[in-house]
Amino acid sequence: MAEQKKIATRDSFGRALVELGREHQEIVVMDADLAGATRSGMFKKEFPERFFDCGIAEGNMMSAAAGMAAMGLVPVVSTFAMFAAGRAFEQVRNGIGYPHLNVKICATHAGISVGADGATHQCCEDFALMRSIPGMTVLCPSDDVEARKLLRAAYEMEGPVYMRFGRLGVPVFHDETAELAIGKAEVLRDGRDVALIATGILVPEAVKAAEKLAAQGIEARVINMATIKPLDEECVRQAAKECGAIVTVEEHNIIGGLGEAVCAVLAEQCPTPVCRIGVRDCFGHSASAEELLAEHGLTAENIAVKAQRLIARKG
Amino acid sequence: MMEIQNLPELAVTVREDILRMTHAAGNGHPGGSLSATDYLVWLYNREMNVRPDEPNWEDRDRFVLSKGHVVPALYAVLAHKGYFPLEDLLTLRKPTSHLQGHPNMNDTPGIDMSSGSLGQGIGAAVGMAKGAKVLGKDIHVHVLIGDGECAEGEVWEAALYAAHYKLDNLCVAVDVNGLQIDGPTAEVMNTAPLDAKFAAFGFDTITVDGHDFEGIAKGFARFHANQGSGRPTVILMKTVKGKGVSFMENNAGWHGKAPNDAELEQGLKDLAAIRQQLKEG
């Protein structure tokens, strides 16, 4: 992977939302006083008559979005992950999830890479919360191209979607022609010694880790799992069968996220050694995104080390 | 539209249904259902523009039962309006019934929004009212909340939203029966004075007797007068929890308890006496 330009997926969200807004009059956008930060403000600028600030009241914003959806509109609701998945969890669960309403929840500033704002705003629990709601689709795009394509795919499907975007600029490694679909994992590199299943902004780190491993003669399969739910179980089973060891990588608590979702498939269907890389059940603190990612081992170096140790455990 | 003089008798019938339904289910919430009955009878038979034979007609007026636990009253009103067969009522809360313990818009014809987690129904209602305006449709959105429910912060988030977006097509009714599960609202968490609170939030408020159809009519007349004003309306309805059933009236213990056989019999007797009084004028 050559050095690419970097774009934060929140910016991709803002851009793609404006494009969708031009095509579809029934899209309305709601934010809770964070339109500038989430980039929903780009839509507000172009379509002020279809943008509604809800004030600093995320719970009511989710309920109101449910009401809008019940009227036949397609609300895209945006705020920080902490408030979308955390503060408004029960409104999302009862008001949107239970009636299976067509609301697209687009949460930015997810994960530890929020950085200097500290633990209160570093949401590493959103996958766990949103996965637990029946019928909720949970997406975590890895770069600009994927963020834009999956937002479109989320619009095109009927039903509630939770989508996670970040504020940290990340490499753009997909071509515009990449075929990316909800529910379908993407194999970025083949290999049979170990599989690295990563999501979101850590996918490029997994790719780099595979390059490091290759230098030592270890061939790692790299899988971009942008759909956390419904999980591409077939891809996981195949990786287990062909690689015999799986490392999961996510910017999320190791409890309740991608790692546990993969483990559930493996434990029930094809027991396989696993190492979960993520935030190890602790709160973050103020620091730069890069410092925090390094501190929590969310780096190519650590992924490579953990993969090597895991391979040693293979039968 | 049903003639006004026929509403009191329908209200008695709905109250009988509430007792029979909760008795058959063995659980449920008769107290608040009985206090909300007259409002719901008026709403569906005098106020809302709906088509029971086309429940999802997109231009219909909408109703959200934010205090979703009193849904037995709504189910009975909907059944009498023709949304589904009356015999379905006795299936309330049974495993194969379309009548859930709290409203589910995907199960029951005529239910416009799933609700029951307190504070959230009014939030959905403001979204519906705003949605109607976005779509350029003259659709009215009604929502019923409880006075105890007004302790939920989201009620006031939604109230801010309603005033901010000038939702004069929104009519909030509050079933002010003064009681909640743990006792008098004034003692559990006082939400009074609701008129001053809603007025401060930008609503036009009117207080009426929620068991007097003339009073309820005045409340809705105010809502109609507010069309075009940019002000949302709140009708504060003074009601009696357990209304019409002697031993349930003003008794918080009947918030979430079903009548047993003897209590059902006594309750039906009380209601029969009211029906007799209506006949005798």
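Cut-offs applied
- Residues numbered from 1 in each chain as written.
- Chains lettered and ligands numbered in written order.
- Predicted model: local features only at pLDDT ≥ 70, side-chain atom pairs only at ≥ 80, totals over all residues.
- Helix = DSSP H or I, 4+ residues; strand = E, 2+ residues; numbered from the N terminus.
- Rg over C-alpha atoms; globule rule 2.2 N^0.38 Å.
- Buried ≥ 20, exposed ≤ 12 C-beta atoms within 10 Å, placed from the backbone.
- Contact = placed C-beta atoms within 7 Å.
- Pairing = 2+ DSSP bridges.
- Axes fitted to C-alpha atoms, helices over the stretch in contact; angles between N-to-C directions.
- Nonpolar A, V, L, I, M, F, W, Y, C, P; charged D, E, K, R; others polar.
- Parallel < 35°, antiparallel > 145°, perpendicular 65-115°, else oblique.

A closer look at the overall build of chain B
Here is step 1 of the chain: Check the secondary structure of chain B and you find 9 helices and 7 strands.
Here is step 2 of the chain: The C-alpha atoms of chain B give a radius of gyration of 17 Å, which matches the 19 Å a tight globule of 281 residues would have.
Here is step 3 of the chain: Out of the 281 residues belonging to chain B, those deemed buried represent 53%.
Here is step 4 of the chain: Within chain B, contacts between residues at least 6 apart in sequence are counted, and of these 75% link residues at least 24 apart.

Quick word on the sheet that holds strand β7 (residues 233–238) of chain B
Strand pairing in a sheet is mediated by backbone hydrogen bonds. Such pairs are either parallel or antiparallel.
Residue and element names in this part refer to chain B.
Here is step 1 of the chain: Pairing within the open sheet is parallel, and its 5 strands lie in the order β1-β2-β3-β7-β6. In the strand order of this sheet, the two ends are held by β1 (62–65) and β6 (204–209), each with one partner. Strand-to-strand twist across the sheet, computed as the mean angle between neighbouring axes with direction ignored, equals 20°.
Here is step 2 of the chain: Direction of pairing for β6 relative to β7: parallel, over a ladder of 6 bridges. Opposite T207, over in β7, you have L236 as the bridge partner.
Here is step 3 of the chain: On the sheet, helix α8 (residues 213–225) packs against β3 (170–176), β6 and β7 and is oriented at approximately 165° with respect to β6.

Structural notes on the sheet that holds strand β6 (residues 137–139) of chain A
Residues and elements named next belong to chain A.
Here is step 1 of the chain: Within the open sheet, the 7 strands sit side by side as β3-β2-β4-β5-β7-β6-β12. Their pairing is mixed. Each of the sheet's edge strands pairs with one partner strand only, and the pair in question is β3 (51–53) and β12 (227–229). For this sheet, the mean inter-axis angle between neighbouring strands, taken without regard to orientation, is 20°.
Here is step 2 of the chain: By the bridge criterion, 5 bridges tie strand β2 (residues 27–31) to strand β4 (residues 74–80) in an arrangement that is parallel. Residue I27 lies in a different strand from β4, and its bridge partner there is V74.

Observations regarding the interface of chain A and chain B
Here is step 1 of the chain: Opposite the 24 residues of chain A that make contact, chain B presents 24 residues.
Here is step 2 of the chain: Of all the elements in the fold, those that place two or more residues in the side of chain A that touches chain B are α4 (58–70) and α6 (89–97) of chain A.
Here is step 3 of the chain: Across the side of chain A that touches chain B, the residue classes tally to 13 nonpolar, 10 polar and 1 charged.

So, α6 of chain A
Here is step 1 of the chain: For α6 of chain A, a buried count of 7 out of 9 residues is recorded, marking the element as mostly surrounded by other parts of the structure.
Here is step 2 of the chain: All of the buried residues in α6 of chain A are F89, Q91, V92, N94, G95, I96 and G97 of chain A.
Here is step 3 of the chain: The secondary structure elements touched by the buried residues of α6 of chain A are α4, α5 (81–87), β5 (104–108) and α7 (126–131) of chain A together with α4 (120–134) of chain B.

Examining unusual backbone geometry
Here is step 1 of the chain: A cis geometry characterises the amide bond from K229 of chain A onward to P230 of chain A, with omega recorded as 0°.
Here is step 2 of the chain: Relative to the assigned elements, P230 of chain A resides in the loop between β12 and α10 (233–243).
Here is step 3 of the chain: Here R93 of chain B, not a glycine, exhibits a phi torsion of approximately 65°, which is positive.
Here is step 4 of the chain: You can see R93 of chain B is positioned in the loop between α3 (71–81) and α4.
Here is step 5 of the chain: Although it is not a glycine, N250 of chain B sits at a positive phi angle of roughly 55°.
Here is step 6 of the chain: Looking at where N250 of chain B falls in the secondary structure, it is placed in the loop between β7 and α9 (261–280).
Here is step 7 of the chain: N250 of chain B sits in the partly exposed class, given 15 other C-beta atoms within 10 Å.

So, the packing of helix α1 (residues 7–25) of chain B against α9 of chain B
Residue and element names in this part refer to chain B.
Here is step 1 of the chain: Two elements in contact, α1 and α9, have axes separated by 10 Å at closest approach and are oriented at 175°. The orientation of α1 with respect to α9, classified from their angle, is roughly antiparallel. Between α1 and α9, the contacting residues are P8, E9, V12, R15, E16, L19 and H23 on the first element and L264, G267, L268, L271, I274, R275 and L278 on the second.
Here is step 2 of the chain: Here the contact of α1 with α9 is built from residues that sort into 8 nonpolar, 2 polar and 4 charged.

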